[in-house]
Amino acid sequence: MTEALIRMQNVDKFFGSFQALTNINLEVKKGERIVICGPSGSGKSTLIRCINRLEEHNNGRIFIGENELTDKVKNIDAVRREVGMVFQSFNLFPHMTIVKNLMIAQQLVRKIPKAEARETAMKYLTRVKIPEQAEKYPVQLSGGQQQRVAIARALCMKPEIILFDEPTSALDPEMIGEVLDVMTDLAKEGMTMICVTHEMGFARSVADRVIFMDEGEIVEEAKPQEFFDNPKNERTKKFLSQILTH
Amino acid sequence: MEAVTGWWDDYFWGSMIVVQVFFFSLILMVLFGLIGAAMKLSNSKIAQKIAGGYTVVFRGTPEILVILLLYFGSAITLTAIAQIFNPEIKFLDVPPIWAGTIAIALIVGAYATETFRGAFQGVKPGSIEAARALGMSNLQTFIYIRIPEMWRLALPPFGNHMLSLIKDTALISIIGLNETLFVASQAISTTGKPFTMYLVVGAIYLGFSTIITLSVMGAEKFGERTTVGAR
Amino acid sequence: MNFDLTLIWDSVPRMLAGIGITFQLMALSAFLGMILAVILLLMRLSGKWYWSWPAQVFIYVFRGTPILVQIFIIYYGLPQLDFVRESILWPILREPFGCAIVALSLNTGAYVSEILRGGVLGVDRGFLEAASALGLKAHQKFIYITTPIAARLALPAYSNDFISLMKATSLASTITLMDMTGWRRLLRPTRYLFH
């Protein structure tokens, strides 16, 4: 097998007659940190949602490790066990305490005994620096805290890859930093990450590769230094000038 | 009020019948509501149509008409069948308590159908997606995520459905159920004090409504512990 | 007891006449009920306990008891009281039609008042703050901002209540025109379950 953890080959995705993704080819190696950026509606979120099959692709093939994403439920379950996801709107389960949010999938999906699940949960809550909030409910936490819990929840499943879908877009400015810190720590530890984000500072310091998407296509793909200092494509230049001028 | 003195125990037993009808119709109402909601949410066009017809008919028809139709309809059918075997039989009916219980459960069940359907669809898609992304199966997502979030959404309208049920029990007196309103009319025929006697009935129902309202409020508070808080 | 289709056919004219009465009852009590609802709403929003408290009790009682019991109290019960028979309202309360109007208006007024209140509470604070910032006075805000927005918010719930009113109307007209005792003699008088 190749060492690529994710392989997307000629992937198309349609919503009705609207083509959201066109001929996507992407390989992500173990330990790589990828940042995807692009204007809204460019298909960034759709791309990463295809990776754990929250969206079904229409053409092409997607492999996660040795599993191909098909209609087979077994494969999808196997992929979801390996791929964690962090959402823009946190999506913590509102009826469960923080620690329960972290335990439920461990117990149900990984069949881990309760005590051990709690231990793991507390370990990761400590890592995202909010162990003291364990018994509270999601609404009692700030947005930044909720997103850190959501990251901890994904980590509890010990995934190979974590997908971040605009993790800081719903946050107040003063809370963006604390979430990015947690993500940077993760990157340093060698976690394979794909982040859809507009945080260019994060992209510059953390990413191995930056991918720019527009109208459902991958337009440009480069190392961050090259991407920011010397963009090749006109659309990339325009986007960067818009996003960096203020 | 001294006119009521001799009638307290009749009122008490009348109230017990109200309670009995309430509990049985509550169980049936939940059942009808869940079946109706499941049919509306199913992929089958026929099931959707049937459930749609059920809610339109039972929400749009006066309650009293449903009760009378169900009671006399079943009585006519039963009598006709019985007369085939024994022409001597003049009248055979489903006991009013059962005809009435089923009738009001059918009526309020039509409202509950919409409540359950709305609650099912009202669960935030984000929670469901997060559960899927964590690898939880459809069944696990349903049991651990959907149901607990659903009941919180359904609770306030469900409290109103319970109030409708308790108030609709009064209508069953019209087909001869000896609940409180029926007791009152008997008391009036001997005492000639309709205002006093019906006022007692009103007070009894107000008591039942209060108990239901308070318990629903308590349950809502319990459910709300996760939605309000220091922010 | 036989199921007789000709009986249905023969009663069509009388049923049509009945529909006319139902509509009259409904229109009148919807109108009077709305006036009552607005008065109750203003009482509750007044912020003075001696206004809001009676309104709350009224709403609680009329929403907490069956409409059938309310009709019975007004139609059969009130004539027991001497002061009612001597009051100027007696000509109305003596007639089944008048009683039905009174009962239905009071009942629907209580329900609609709660619906309107829900609408008023649902109005986004931001609009009112914007209006204050523009210098509108309290009553101006209520008339030009709160009322139109609240009406739009309350409309779906009001349409549901209108259906309830229609059903209650048919109940009222059935009951007040039916001889209850004669009706019940058809049926076995008692069915004791517990004793």
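Residues numbered from 1 in each chain as written. Chains lettered and ligands numbered in written order. Predicted model: local features only at pLDDT ≥ 70, side-chain atom pairs only at ≥ 80, totals over all residues. Heavy atoms only, no water.

1. Thoughts on the overall build of chain B
Line of reasoning, step 1. When helices and strands are counted, chain B shows eight helices and zero strands.
Line of reasoning, step 2. Counting from the amino terminus, chain B carries its helices and strands in the arrangement α-α-α-α-α-α-α-α.
Line of reasoning, step 3. Its C-alpha atoms give chain B a radius of gyration of 22 Å, clearly above 17 Å, the size a compact globule of 231 residues would have.
Line of reasoning, step 4. Residues counted as buried form 52% of the 231 residues belonging to chain B.
Line of reasoning, step 5. Across chain B, the fraction of contacts at a sequence separation of at least 24, relative to all contacts at a separation of at least 6, is 76%. (Helix = DSSP H or I, 4+ residues; strand = E, 2+ residues; numbered from the N terminus. Rg over C-alpha atoms; globule rule 2.2 N^0.38 Å. Buried < 20%, exposed > 50% of the residue type's maximum accessible area, 1.4 Å probe, protein only. Contact = heavy atoms within 4.5 Å.)

2. Digging into the interface of chain C and chain B
When the parts of a complex come together, some accessible area is lost, and that lost area is often used as the size of the interface.
Line of reasoning, step 1. On the side of chain B, 45 residues touch chain C, which itself brings 35 residues to the contact.
Line of reasoning, step 2. When chain C packs against chain B, close to 3,700 Å² is buried across both sides, 68% of that on carbon and sulfur atoms.
Line of reasoning, step 3. Between Glu 63 of chain B and Lys 167 of chain C there is a salt bridge, with the nearest N and O atoms lying 3.6 Å from each other.
Line of reasoning, step 4. Summed over the shared surface of chain C and chain B, the result is eight residue pairs in polar contact (both at pLDDT 80 or more).
Line of reasoning, step 5. At the level of elements, helix 3 (49-64), helix 4 (67-77), helix 9 (138-177) and helix 10 (180-185) of chain C are the ones that each hand at least two residues to the side of chain C that touches chain B. (Buried area = accessible area lost by both parts, 1.4 Å probe. Salt bridge = Lys/Arg side-chain N within 4 Å of Asp/Glu carboxyl O. Polar contact = N/O pair within 3.5 Å; in protein donor to acceptor, adjacent residues only side chain to side chain.)

3. What to know about helix 2 (residues 45-60) of chain B
Residue and element names in this part refer to chain B.
Line of reasoning, step 1. Its 16 residues give helix 2 an end-to-end C-alpha distance of 22 Å, which sits within 8% of 22 Å, the value for a rise of 1.5 Å per residue.
Line of reasoning, step 2. Listing the buried residues of helix 2 in full gives Ala 47, Ala 51, Gly 52, Tyr 54, Thr 55 and Phe 58. Take helix 2 and look down its axis: the buried residues cluster within an arc of 160°, on one side only. Relative to its buried face, helix 2 has exposed residues pointing more than 90 degrees away, namely Lys 45, Ile 46, Lys 49 and Val 56.
Line of reasoning, step 3. For helix 2, the N-terminal cap is Ser 44; the gap from its side-chain oxygen to the backbone nitrogen of Ile 46 is 3.3 Å. (Expected span 1.5 Å × (residues − 1). Arc of directions from axis to C-beta.)

4. Digging into the confidence of the model for chain B
All names here are of chain B.
Line of reasoning, step 1. This prediction gives chain B a mean pLDDT of 88; 96% of its residues lie at or above 70.
Line of reasoning, step 2. When pLDDT is averaged over each element of chain B, helix 2 comes out on top at 94 and helix 7 (residues 180-191) at the bottom at 85.
Line of reasoning, step 3. Here the prediction assigns the complex a pTM of 0.76, and the interface score ipTM is 0.83. (pLDDT = per-residue confidence, 0-100.)

5. Details of the pattern of salt bridges
All names here are of chain A.
Line of reasoning, step 1. Throughout the structure, instances matching the rule amount to 24 salt bridges over all chains.
Line of reasoning, step 2. Arg 235 is the partner of Asp 214 in a salt bridge, and the nearest nitrogen-oxygen pair spans 3.4 Å. Placement of the pair is Asp 214 in strand 9 (residues 209-214) and Arg 235 in helix 9 (residues 234-244), with a sequence separation of 21 residues.
Line of reasoning, step 3. Taken together, the salt bridges that share partners define one network made up of Asp 214, Glu 215, Glu 217 and Arg 235.

6. Some details on the sheet that holds strand 1 (residues 4-15) of chain A
Residues and elements named next belong to chain A.
Line of reasoning, step 1. If you walk across this open sheet you meet the four strands as 2-1-4-5, and the pairing is antiparallel. Both outer strands of the open sheet, strand 2 (18-29) and strand 5 (67-68), are each paired with one neighbouring strand and no more.
Line of reasoning, step 2. Bridging between strand 1 and strand 4 (residues 59-64) involves five bridges; their strand directions are antiparallel. Residue pairing in the sheet places Met 8 in a bridge with Ile 62 of strand 4. (Pairing = 2+ DSSP bridges.)

7. A short note on unusual backbone geometry
Residue and element names in this part refer to chain A.
Line of reasoning, step 1. Positive phi, close to 60°, is recorded for Arg 53, a residue that is not glycine.
Line of reasoning, step 2. Topologically, Arg 53 is positioned in the loop between helix 1 (44-51) and strand 4.
Line of reasoning, step 3. Of note in this structure, Glu 215 is not a glycine but carries a positive phi near 50°.

8. Description of a nonpolar patch on the surface
Residues and elements named next belong to chain C.
Line of reasoning, step 1. On the surface, a nonpolar cluster with roughly 590 Å² of combined accessible area is contributed by Ile 21, Leu 28, Phe 31, Leu 32, Ile 35, Ile 39 and Phe 97.
Line of reasoning, step 2. Counting residues per element, the nonpolar patch draws most heavily on helix 2 (residues 12-45), which supplies six residues.
Line of reasoning, step 3. Examined against the element boundaries, Phe 31 turns out to sit in helix 2.
Line of reasoning, step 4. A residue is classified by how much of its surface remains accessible, and Phe 31, at 53% relative accessible area, is exposed. (Patch = residues over 30% accessible without salt bridge, like charges linked within 9 Å, V, L, I, M, F, W, Y side chains within 5 Å. Areas by Shrake-Rupley, 256 points an atom, 1.4 Å probe, with all protein chains shown as cover.)

9. Let's talk about the interface of chain B and chain A
Line of reasoning, step 1. Counting residues at the interface gives 23 residues for chain B, matched by 26 residues for chain A.
Line of reasoning, step 2. The tally of links between chain B and chain A comes to one salt bridge.
Line of reasoning, step 3. With a shortest N-O distance of 2.4 Å, Arg 49 of chain A and Glu 129 of chain B are connected by a salt bridge.
Line of reasoning, step 4. If you look at where chain B meets chain A, you find six residue pairs in polar contact (both at pLDDT 80 or more).

10. Some points on the side chain of Asn 101 of chain A
Residue and element names in this part refer to chain A.
Line of reasoning, step 1. As for its placement among the helices and strands, Asn 101 is situated in helix 3 (residues 98-109).
Line of reasoning, step 2. What makes Asn 101 buried here is its relative accessible area of 0%.
Line of reasoning, step 3. There is a polar contact of 2.8 Å between the side chain of Asn 101 and the backbone nitrogen of Phe 93.
Line of reasoning, step 4. Among the polar contacts made by the side chain of Asn 101, one reaches the main-chain carbonyl oxygen of Met 96 at a distance of 3.2 Å.
Line of reasoning, step 5. Asn 101 has contacts with Leu 92, Phe 93, Met 96, Pro 138 and Arg 153, leaving out every residue within four places of it along the chain.

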